[in-house]
Every structure is written in structure tokens, then in C-alpha cells.
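# What the coordinates show
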Amino acid sequence: LMAARVLIVPGNGCTPIASCNWYKWLHDELEKSGVSCAMKDMPDPFEAKERIWLPFMKNELGADENSIIVGHSSGAEAAMRFIEEHRVRGVVLVAACHTDLGLPSEAISGYYNRPWNWQQMRDNVKFASQFADQQDPFIPYGEAQHVHENLKTELLSSNRGDHFMVNKFPELLQHVLSKAREG
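What you see as residue numbers is a count from 1 along each chain, following the sequence as written. Reporting in this predicted model follows two pLDDT cut-offs: at least 70 for local features of residues, and 80 or more for side-chain atom pairs to be given and counted; totals over whole chains, interfaces and linings ignore these cut-offs and use all residues. Side-chain measures were taken over the full set of non-hydrogen atoms in the model, leaving aside hydrogen atoms and water.

### Focus: the pattern of salt bridges
- A carboxyl oxygen of Asp or Glu within 4 Å of a side-chain nitrogen of Lys or Arg is what we treat as a salt bridge. According to the stated counting rule, one finds 10 salt bridges in the structure shown.
- Put simply, E29 and K32 hold a salt bridge, and the shortest N to O gap is 3.0 Å. Of this pair, E29 and K32 both sit in helix α1 (residues 23-32), 3 residues apart, which is roughly one turn of that helix.
- Between buried and exposed lies partly exposed: a residue is buried under 20% and exposed over 50% of the maximum accessible area for its type, with that area taken using a 1.4 Å probe on protein chains only. For K32, a relative accessible area of 65% puts it in the exposed group.
- One network of salt bridges, with partners in common, ties together D44, E47 and K49. For helices the rule is a DSSP run of H or I covering at least 4 residues; for strands it is a run of E covering at least 2, with both sets numbered from the N terminus onward.

This is the structure in C-alpha cells:
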């Protein structure tokens, strides 16, 4: 069995990726722990269009059957659409939603313009985990619950009120390390 490799897919507007949120911190902590991790500045960073991001995840980040995709916000939806079509080891969704929340700025991405194929997504992963914030300022908790119920995620719920926009995220690090080491 090949070692797991972690890919970080950011939220929209997060560019350059190394200066945003916990992405570089997680990357560096995983590498220090001996887990290979990839992250790159995403093309089309503000609209995060599916037709641009998904090929980039496959061709530039190298997403494959040994990958654990950690997706935050728009990056979580990118991960969800990716696993409709491709097998990966698993996904860790941070602040995922399943609708455009009525926002044209979200609808433009293309992730929300058709039903989600939950069964295919479940078939294409060995695990799916989800960090959700009951007080997320951007995403109603019902959105997270819908993803949890349909994708059958391991739900790690909290009351943070910060949309996980922080510099360090130790709970995520520990969770990803445990999944990477499960083999």
C-alpha cells in the first residue's frame, strides 16, 4: 500500500495560499511528521470555478487513489465534486455546504448547478470526514448536516464562529495524521 499524500484545497479568495488561514501551517506540520503534503496557488482563486479547479487538482496537485483531500469552504465543494468522478483515499471537508446559499458569487463556481451524486461519492472514498461549525458566520449548520447525512461523514462538530479561518488548526492536524497513518 502506498503512503497517503495530503492535498490542501483552499477556500475561494485565498491567494497566495501560503499566507491564508491554516493551510501553510498544516502543510508544514504534516511534512515535519513525515506525511507528504501538496498545496499550490489555485488558478481562478476568486470564483473557484469547477471546470478550472478539478482538472488542476488532478493534473497539478496529483490527486489519485492515495490522496487525502483536505478542502476548506469552496475547496470542500471542489473535493466533493472531484470524488463524484475519481477515487481517492479520503476527504476531510472543512466548512462544507451543498447549495450556493443564494449568492451569485458562489453560484458562479458551477458546483451547485446540479444534484450531488452522494452514492458515487461514497463509493469513491475509503473515508469522509467533516469539520463543521454550528456558529459558522457564512454557512448555516443545516448545510453541514445535509452533507453529513448524505455523504455519511464522520462529523466533527464545534461551536467556533470563525468559519475555521485561523492560523493554526490542531484538531485538523491530529485528524489528518490519524487518517494518513491508517493506511
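Okay, back to it.
### Structural notes on the nonpolar core
- Grouped together as the largest cluster of nonpolar side chains are 62 residues, with contacts concentrated most on W22, I69 and L172.
- Of the residues forming this core, the biggest block, 6 residues, is contributed by helix α3 (residues 74-85).
- Non-local contacts of L172, meaning those with residues more than four positions away in its chain, are made with W22, L26, V70, V92, V94 and F131. Residues enter a nonpolar core if they are buried and are Ala, Val, Leu, Ile, Met, Phe, Trp, Tyr or Cys, with the set joined through side-chain atoms within 4.5 Å. We call two residues contacting when some pair of their heavy atoms lies within 4.5 Å.

### Digging into the packing of aromatic side chains
- Aromatic rings from Phe, Tyr and Trp, taking only the six-membered ring of Trp, are treated as a pair when their centres fall within 6.5 Å; an angle between ring planes under 30 degrees marks them as stacked, one over 60 as edge-to-face, and anything in between as tilted. This model, assessed by the stated rule, comprises 7 aromatic pairs.
- Plain terms: the ring middles of Y111 and Y112 are 6.2 Å apart, the flat faces sit at 85 degrees to each other, and that makes the pair edge-to-face. Like Y112, Y111 is buried.
- Seen in terms of ring centroids, Y112 and W116 are 6.5 Å apart; in terms of plane orientation they differ by 70 degrees. Their pairing is edge-to-face. Across this residue pair, the class does not change: Y112 and W116 are buried.
- Aromatic rings pair up to connect W22, Y23, F131, F164 and F169 into one cluster.
- A positively charged side chain is recorded as over a ring if its NZ (Lys) or CZ (Arg) lies within 6 Å of the ring centre. The angle to the ring normal must also be within 35 degrees. One cation-aromatic arrangement involves R160 over F169; the distance from NZ or CZ to the ring centre is 5.0 Å.
- The ring of F127 carries the charged tip of K179 above its face, separated from the ring centre by 4.8 Å.

### Here's the deal with the side chain of H72
- Inspection of the secondary structure puts H72 in strand β3 (residues 67-72).
- Reaching out from H72, the side chain makes a polar contact with the backbone oxygen of H163 at a distance of 2.9 Å. Two N or O atoms count as a polar contact when they lie within 3.5 Å, although within protein this holds only if one can serve as hydrogen donor and the other as acceptor, and sequence-adjacent residues are included solely when both atoms are side-chain atoms.

### Some words on the pairing of strand β6 (residues 154-158)
- Strand pairing is assigned whenever DSSP identifies at least 2 bridges connecting the two strands. Pairing of strand β5 (residues 127-133) with β6, which is carried by 5 bridges, proceeds in the parallel orientation. Looking at the pairing, D133 lines up with S158 of β6.
- A crossover counts as right-handed when, viewed with the strands pointing away from the observer, the path leading from the first strand over the helix to the second turns clockwise. As a crossover connection, the stretch from β5 through helix α6 (residues 141-151) into β6 is right-handed.

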